[in-house]
Amino acid sequence: MFDLGIYSGGLAVALLLAMFGWLVSIRKQDVSIVDSMWSLFFLLMTLVYAASADALGGRATLILFLVALWAVRLSLFITLRNWGEPEDRRYQAIRRDNEPNFWLKSLYIVFGLQAILAWVISLPLLGAALSPAPLNALDLIGAALWLFGFGFEAIGDQQLASFKADARNAGQVMDRGLWRYTRHPNYFGEACLWWGFGLIALAGGAWWSLIGPALVTFLLLRVSGVKLLESDISERRPAYADYIRRTNAFFPGQPKA
């Protein structure tokens, strides 16, 4: 069931969070905090969707639990990773390209844009929260796919964090653990868990909600994920070129000889 009024409420809370983050970023002179906020957009919107439903059914309870678990873990991980670090180089480049008055432009270039993207992506969360249909086998398949993706992302994040924390690995390329089979296990895991959300919404009859995971996958592959991260990494780290030649970019697979 699609309800434009409830869906608009999700946009309202996302924009309010974006405004708050923007104000904090002005004080810190660092827009990188939007990365810590990304998953929290979805948690707030899911709370709005679930609170607006006629009744909190099994599917709404399931989706709220899964979103909360993912959102809190990812936000804490990114916050701890970035603590005490300078503004991410991606945002430094955006800042340089949009001076003067980037502090003002960042309201819509960074924070507003991400809030709107999150709103569109949140369609499966809306569909699952508002569905009155009972849980079925497709919900279990979606939850299993979500669990696989969540684990893949969390393990990949932790492996990379441990690798970077070891001074002996300075200047080397992470090609161990899950990173041996895909250059971006965190992105692959993220896509899987979003398709898990999509299947749960589909189980409730919200076929239109598949726009969300499709957009996530497109962004991870073609816009803000693999393509952006690897646009100049071989120039900065020559050993990465060999890693590209022997390791799949997204889908896991055996490394090439």
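About the cut-offs
Residues numbered from 1 in each chain as written. Predicted model: local features only at pLDDT ≥ 70, side-chain atom pairs only at ≥ 80, totals over all residues. Heavy atoms only, no water. Patch = residues over 30% accessible without salt bridge, like charges linked within 9 Å, V, L, I, M, F, W, Y side chains within 5 Å. Areas by Shrake-Rupley, 256 points an atom, 1.4 Å probe, with all protein chains shown as cover. Salt bridge = Lys/Arg side-chain N within 4 Å of Asp/Glu carboxyl O. Helix = DSSP H or I, 4+ residues; strand = E, 2+ residues; numbered from the N terminus. Buried < 20%, exposed > 50% of the residue type's maximum accessible area, 1.4 Å probe, protein only. UniProt positions renumbered as here; feature names shortened; annotations may be inferred. Phe/Tyr/Trp six-rings, centres within 6.5 Å; stacked < 30°, edge-to-face > 60°. Lys NZ or Arg CZ within 6 Å of the ring centre and 35° of its normal.

Colleague: Hey, could you run me through a nonpolar patch on the surface in this one?
Modeller: On the surface, M19, L23, I26, W103 and L104 cluster together into a nonpolar patch covering about 450 Å² of accessible area. Taken together, the elements giving at least two residues each to the nonpolar patch come down to helix 1 (4–28) and helix 5 (102–121). Of the residues forming the nonpolar patch, the biggest block, three residues, is contributed by helix 1. Structurally, the position occupied by M19 is in helix 1. A relative accessible area of 37% places M19 in the partly exposed class.

Colleague: What's the story with the UniProt feature "transmembrane region" (unreviewed entry) in the protein chain in this structure? I'm lost.
Modeller: Residues given the UniProt feature "transmembrane region" (unreviewed entry) here are residues 6–25, 37–56, 62–81, 102–126 and 193–221. Secondary structure within residues 6–25 divides into 100% helix and 0% strand; the distance between the first and last C-alpha atoms comes to 29 Å. Secondary structure content for residues 37–56 is 80% helix and 0% strand, while the C-alpha to C-alpha distance between its ends is 26 Å.

Colleague: What is the right way to look at the packing of aromatic side chains in this model?
Modeller: Aromatic ring pairs: the centre-centre distance and the angle between the two ring planes describe each pair. For the structure shown, the criterion picks out 18 aromatic pairs. Plain terms: the ring middles of F188 and F250 are 5.7 Å apart, the flat faces sit at 80° to each other, and that makes the pair edge-to-face. Of the two residues, F188 is situated in helix 8 (residues 185–203) and F250 in the segment after helix 12 (239–246); the sequence distance between them amounts to 62 residues. Side by side, F188 and F250 carry an identical accessibility label, which is buried. Seen from their ring centres, Y240 and Y243 are 5.2 Å apart, and the 75° between their planes marks the pair as edge-to-face. Here the residue Y240 and the residue Y243 both occupy positions in helix 12, the gap between them amounting to three residues, near one helical turn. Judged by its relative accessible area of 6%, Y240 is buried. Among the aromatic residues, those joined into a ring-pair cluster are W38, F42, W70, W146, F150, W194 and F197. A cation over a ring is seen here: R73 above F77, with NZ or CZ 5.6 Å from the ring centre.

Colleague: Looking at this structure, I do not really get unusual backbone geometry. What am I missing?
Modeller: Note: most peptide bonds trans; most residues except glycine with negative phi. With an omega of 0°, the peptide bond running from E99 to P100 counts as cis. For P100, the position within the fold is in the loop between helix 4 (89–97) and helix 5. One non-glycine residue with positive phi stands out, namely Q29, at about 55°. Within the secondary structure, Q29 sits in the loop between helix 1 and helix 2 (33–52). Positive phi is not limited to glycine here, since N101 has a value of about 65°. Looking at the element boundaries, N101 is found in the loop between helix 4 and helix 5.

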